[in-house]
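Residues per chain, in single letters:
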Amino acid sequence: MTRQMGELKKVRPSHRTENIAYAIRDIVCVAERRAEQGGDLIYLNIGDPIQFDFRTPPHMIEAAYEAMRAAHTGYSSSLGVPEAVAAIRRKARQKGIEPYEILVTNGASEAIDFALSALVNKGENVLVPSPGYPLYNALLSRLIGEARPYALDEANGWQPDVDHMARQIDERTRAIVLINPNNPTGAVYSEETLRQVIALARAHNLVLLSDEIYDQLILNSKPHISPAALDPELPIITFNGLSKCYLAPGFRIGWAVVSGAPELVEDYTEAMRKMARARLCASHPKQFAIPSALEGDQTHIQEAVSKLRRRRDLTVERLNAIPGISCQRPDGAFYAFPRLEVPVYDKDFAIDLIRETGVVVVHGSGFGTLPRTPHFRMVFLPPEDVLSEAFDRLESFMRRYA
């Protein structure tokens, strides 16, 4: 007898995925349609140095290769191989941070995921910079928590507006996210700003989540300061990795440094350890690139900063010379976040720019709801001739668009 089956129905995705968006990648769909029609493209949307004239340092590649040859191809410790953890600890102490725990992860993204998942319950909120990196919003949406935006002050070099931050805190707030240097604005935060945020976190018993993935790509004379170096007692999770400063985004190796008074962070840290154990480990052989990166030849960072400084200066000069556009000078990372001085929805602007010129940028509203004025983000990683061509196309486009 043939068993009767009911009509199959479409699989419904979970509600937690409804509000997940990632504008940096989503905008590529528009670019792909232009390419299908035979149009050329200048990609200024994704912060991947390897797509341009930057290369992963050979000594890091050699370290990972030698680890493979030495049969480090099975599972490693869930928290990271001892050599990598020790190197991260030494680097943290050089910056004035005393680690309580270190977790090596599949990119800094997984470290951020662990920190949020171990902290946030349904309906609770975390303060996130707006504009800011959209991963935090996406993860909080998945957790059925709330990403509550606080403003960065464009008139003050995109420093956090600490007064606005304070007004966003309520009884369900669990943490404050700092991205320093900031993505997408390139702002580097002052010690005064960081101390004000620390005081706020202390007053409300909040965790600080400090994303420092661009910490050595500083394009001015100001030092980069880690909040964890300013307050050894406050619970702070500092994120970093090999993707940006060490030019190895495809390695997918990152880490979290947990600091703070042990009695305050021990339970939270154990919750993160549980998630690390559940996913087994980060890539075993590539973890051996960490000591090589942190303690080996640093020439590539000096060379990268030199190139980026020239490209930053060209970017700011050209953007501010285009009618209808103004741009603050970024002091770190490799992003500019220009403002459109014309009445336009920035996503429509980005789409039209791609369709008409092939210059691929990301609309500012993809990085948060604040500010409410239109912006776009572009990377200044490409060589000067590529950037100049992009600015020529943008300038011609703006003459028509404005």
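Residues numbered from 1 in each chain as written. Predicted model: local features only at pLDDT ≥ 70, side-chain atom pairs only at ≥ 80, totals over all residues. Heavy atoms only, no water.

> Any chance you could explain the overall build of the protein here in plain terms?
Scanning the protein from terminus to terminus reveals 14 helices and 15 strands. Its C-alpha radius of gyration of 22 Å places the protein within 12% of the 21 Å reference for a compact globule of 402 residues. Projecting the C-alpha coordinates of the protein onto the three principal axes gives extents of approximately 75 × 60 × 50 Å. Taking all 402 residues of the protein together, 57% fall into the buried category. A fraction of 76% describes how many contacts in the protein between residues 6 or more apart in sequence connect residues 24 or more apart. Approximately 17,800 Å² of the protein is accessible, and the part contributed by carbon and sulfur atoms is 50%. A gap of 4 Å separates the mean positions of the 46 positive and 50 negative side-chain charges of the protein. (Helix = DSSP H or I, 4+ residues; strand = E, 2+ residues; numbered from the N terminus. Rg over C-alpha atoms; globule rule 2.2 N^0.38 Å. Buried < 20%, exposed > 50% of the residue type's maximum accessible area, 1.4 Å probe, protein only. Contact = heavy atoms within 4.5 Å. Areas by Shrake-Rupley, 256 points an atom, 1.4 Å probe, with all protein chains shown as cover. Lys, Arg positive; Asp, Glu negative; His and termini not counted. Charge placed at Lys NZ, Arg CZ, Asp CG, Glu CD.)

> Before we go on, may I ask you to explain the side chain of Gln 159 in this structure?
With respect to the element layout, Gln 159 can be found in strand S5 (residues 159-160). Among all residues touching Gln 159, those that are not within four sequence positions of it are Ala 151, Leu 152, Asp 153, Val 188, Tyr 189, Ser 190 and Thr 193.

> What exactly am I supposed to notice about empty space enclosed by the protein here?
Empty pockets left among the atoms are what a rolling probe the size of a water molecule brings to light. All chains considered together, the criterion is met by one cavity of 30 Å³ or more. The calculated volume of the largest cavity comes to roughly 170 Å³. Lining of the largest cavity is provided by 14 residues; of these, Lys 91, Lys 95, Asp 215, Asn 240 and Trp 255 occupy positions nearest its centre. Among the elements of the structure, helix H4 (82-94), strand S8 (236-241) and strand S9 (254-259) are those that each provide at least two residues to the lining of the largest cavity. Considered class by class, the residues forming the lining of the largest cavity number seven nonpolar, three polar and four charged. (1 Å grid on protein atoms, 1.4 Å probe; cavity = no way out; pocket = protein on both sides within 12 Å on 5 of 7 lines; lining within 4 Å. Points joined across faces, edges and corners; volume = space filled by probe spheres on them. Nonpolar A, V, L, I, M, F, W, Y, C, P; charged D, E, K, R; others polar.)

> How should I be thinking about the pattern of salt bridges in this particular structure?
Pairing between side chains of opposite charge can happen when their charged atoms approach one another. What the rule picks out here adds up to 30 salt bridges. Two residues, Arg 90 and Glu 295, come together in a salt bridge whose shortest N-O distance is 2.6 Å. Note that Arg 90 is positioned in helix H4 and Glu 295 in helix H11 (residues 289-295), a separation of 205 residues in sequence. In this structure Glu 295 comes out as partly exposed when scored by relative accessible area, which is 41%. Residue Arg 339 pairs with Glu 154 through a salt bridge whose shortest N-O separation is 3.5 Å. With Arg 339 in strand S12 (residues 339-340) and Glu 154 in the loop between strand S4 (146-153) and S5, the pair connects residues that are 185 residues apart, well separated along the chain. Through salt bridges that share partners, Asp 53, Lys 307, Arg 310, Arg 311 and Glu 384 make up one connected network. (Salt bridge = Lys/Arg side-chain N within 4 Å of Asp/Glu carboxyl O.)

> Help me understand the pairing of S4 in this model?
Side-chain positions along a regular strand alternate between the two faces of the sheet. Pairing geometry for strand S3 (residues 125-130) and S4, over six bridges, is parallel. For Ser 130, the partnering residue across the bridge sits in S4 and is Ala 151. (Pairing = 2+ DSSP bridges.)

> Looking at this structure, I do not really get the sheet that holds S4. What am I missing?
By way of backbone hydrogen bonds, the strands of a sheet pair with one another, either parallel or antiparallel. Spatially, the eight strands line up as an open sheet ordered S2-S9-S8-S7-S6-S3-S4-S5, and their pairing is mixed. Two strands close off the open sheet at either side, each with one partner strand: strand S2 (101-105) and S5. Of the strands in this sheet, S2 and S9 are in contact with H4, which crosses S2 at around 125 degrees. Across the sheet, helix H8 (residues 191-204) touches S5, strand S6 (173-179) and strand S7 (207-211), and the angle it forms with S6 is around 170 degrees. (Axes fitted to C-alpha atoms, helices over the stretch in contact; angles between N-to-C directions.)

> So what exactly am I meant to see when it comes to the pairing of S3 here?
Counting buried positions over the six residues of S3 gives six, a clear majority of the element. In this fold, S3 hands off to helix H6 (residues 135-142), which returns the chain to S4; that crossover is right-handed. (Right-handed = clockwise from strand over helix to strand, strands pointing away.)

> Sorry if this is basic, but what is going on with helix H14 (residues 384-401) here?
Because an α-helix completes one turn every 3.6 residues, residues spaced three or four positions apart along the sequence face the same direction. Taking 1.5 Å per residue, 18 residues should reach 26 Å; H14 reaches 25 Å between its end C-alpha atoms and fits that length. Taken together, the buried positions of H14 are Leu 387, Ala 390, Phe 391, Arg 393, Leu 394, Phe 397 and Met 398. Relative to the axis of H14, the buried residues are bounded by an arc of 165 degrees and lie together on one face. Exposed and facing more than 90 degrees away from the buried side of H14 are Asp 385, Arg 399 and Arg 400. (Expected span 1.5 Å × (residues − 1). Arc of directions from axis to C-beta.)

> Would you explain the nonpolar core in this entry?
In globular proteins that are soluble, nonpolar side chains generally tend to be buried together. If you look at the biggest cluster of nonpolar residues, it comprises 130 residues, and the most contacted ones within it are Leu 116, Ile 176, Leu 209, Ile 237, Leu 242 and Leu 394. Those residues in contact with Ile 176 that lie beyond four places of it in its chain are Leu 127, Tyr 150, Met 165, Val 197, Leu 200, Ala 201, Leu 206, Val 207, Leu 208 and Leu 209. (Core = buried A, V, L, I, M, F, W, Y, C linked by side-chain atoms within 4.5 Å.)

> Would you mind going over the sheet that holds strand S15 (residues 376-379) with me for this structure?
If you walk across this open sheet you meet the three strands as S11-S15-S14, and the pairing is antiparallel. The open sheet terminates on both sides in strands that have one partner only, identified here as strand S11 (335-336) and strand S14 (362-363). Examined bridge by bridge, S11 and S15 share two bridges and lie antiparallel to one another. Bridged to Ala 336 within S15 is Met 378.

> How should I be thinking about the environment of Glu 62 in this particular structure?
Of note, Glu 62 is situated in helix H3 (residues 58-69). Linking Glu 62 and Met 398, residues 336 residues apart in sequence, is a C-alpha distance of 47 Å.

> Explain the packing of helix H2 (residues 28-36) against helix H13 (residues 346-357) to me, please; I cannot follow it from the model alone.
Packed helix pairs are characterised by how far apart their axes lie and by the angle those axes make with each other. Contact geometry for H2 and H13: axes closest at 9 Å, N-to-C directions at 20 degrees. Classified by the angle their axes make, H2 and H13 are roughly parallel. Crossing hand, H2 versus H13: right-handed. On the side of H2, the interface is formed by Val 30, Ala 31 and Arg 34, while H13 contributes Ile 351, Ile 354, Arg 355, Glu 356 and Thr 357. Across the contact of H2 with H13, the residue classes break down as four nonpolar, one polar and three charged. (Parallel < 35°, antiparallel > 145°, perpendicular 65-115°, else oblique. Left-handed = near helix turned anticlockwise from the far one by under 90°.)

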